[in-house]
Amino acid sequence: MSTASHGYPPAVNLPPGQFFAELVEEYLFAALHGLCYLSLIAENQLRMNHLDGAIRRLDERSEQVDSRERILRQEESQRRSK
């Protein structure tokens, strides 16, 4: 392999033990960050589902109230016309 076709190897100025310790620390930080992010996404999805259900129930209840209001107006109109 030539250096020109594959770039240059990284310049590591740390002793292998220190490099490995810092690499593991960075990896664990990134893994923990990823887990927290996934947890927040899952929680957000649950909240969105809950809110969607609440909105759907409110819409259904609003339709029921509107229907009842129309029925009562018709009954009132019929009583006045008698």
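Further up the page is the structure itself.
Residues numbered from 1 in each chain as written. Predicted model: local features only at pLDDT ≥ 70, side-chain atom pairs only at ≥ 80, totals over all residues. Heavy atoms only, no water.

A. Seen up close, the overall build of the protein chain. Helix and strand counts for the protein chain stand at two helices and zero strands. By the compact-globule yardstick of 12 Å for 82 residues, the protein chain is too spread out, its C-alpha radius of gyration being 33 Å. Taking the principal axes of the C-alpha coordinates as reference, the protein chain spans close to 100 × 30 × 15 Å. Counting only residues that meet the buried cut, the protein chain has 1% of its 82 residues in that class. Looking at the protein chain as shown, the accessible area adds up to about 8000 Å², and 60% of this sits on carbon and sulfur atoms. With 10 positive and 12 negative side-chain charges, the protein chain shows a separation of 21 Å between the mean positions of the two kinds. (Helix = DSSP H or I, 4+ residues; strand = E, 2+ residues; numbered from the N terminus. Rg over C-alpha atoms; globule rule 2.2 N^0.38 Å. Buried < 20%, exposed > 50% of the residue type's maximum accessible area, 1.4 Å probe, protein only. Areas by Shrake-Rupley, 256 points an atom, 1.4 Å probe, with all protein chains shown as cover. Lys, Arg positive; Asp, Glu negative; His and termini not counted. Charge placed at Lys NZ, Arg CZ, Asp CG, Glu CD.)

B. Spotlight on the pattern of salt bridges. Applying the stated criterion across every chain, the model contains four salt bridges. One salt bridge in this structure joins Arg47 and Glu43, with 2.8 Å as the shortest N-O distance. Linking Arg47 with Glu43, this pair stays in helix α2 (residues 16-81), spanning four residues, or about one helical turn. For Arg47, a relative accessible area of 52% gives the class exposed. Of the residues examined, Glu43 reaches a relative accessible area of 36% and is grouped as partly exposed. Its salt-bridge partner being Arg73, residue Glu69 comes within 2.9 Å of it at the nearest N-O pair. Of this pair, Glu69 and Arg73 are both found in helix α2, four residues apart, which corresponds to roughly one turn of the helix. Given the relative accessible area of 37%, Glu69 is considered partly exposed. (Salt bridge = Lys/Arg side-chain N within 4 Å of Asp/Glu carboxyl O.)

C. Structural context of a negative patch on the surface. On the surface, Asp59, Glu60, Glu63 and Asp66 cluster together to form a negatively charged patch. Relative to the helices and strands, Glu60 resides in helix α2. (Patch = residues over 30% accessible without salt bridge, like charges linked within 9 Å, V, L, I, M, F, W, Y side chains within 5 Å.)

D. Seen up close, a nonpolar patch on the surface. Residues Val12, Leu14, Phe19, Phe20, Leu23, Val24, Tyr27 and Leu28 make up a contiguous nonpolar surface patch of about 760 Å² in total accessible area. Taking the relative accessible area as the measure of exposure, Val12 reaches 43% and is therefore partly exposed.

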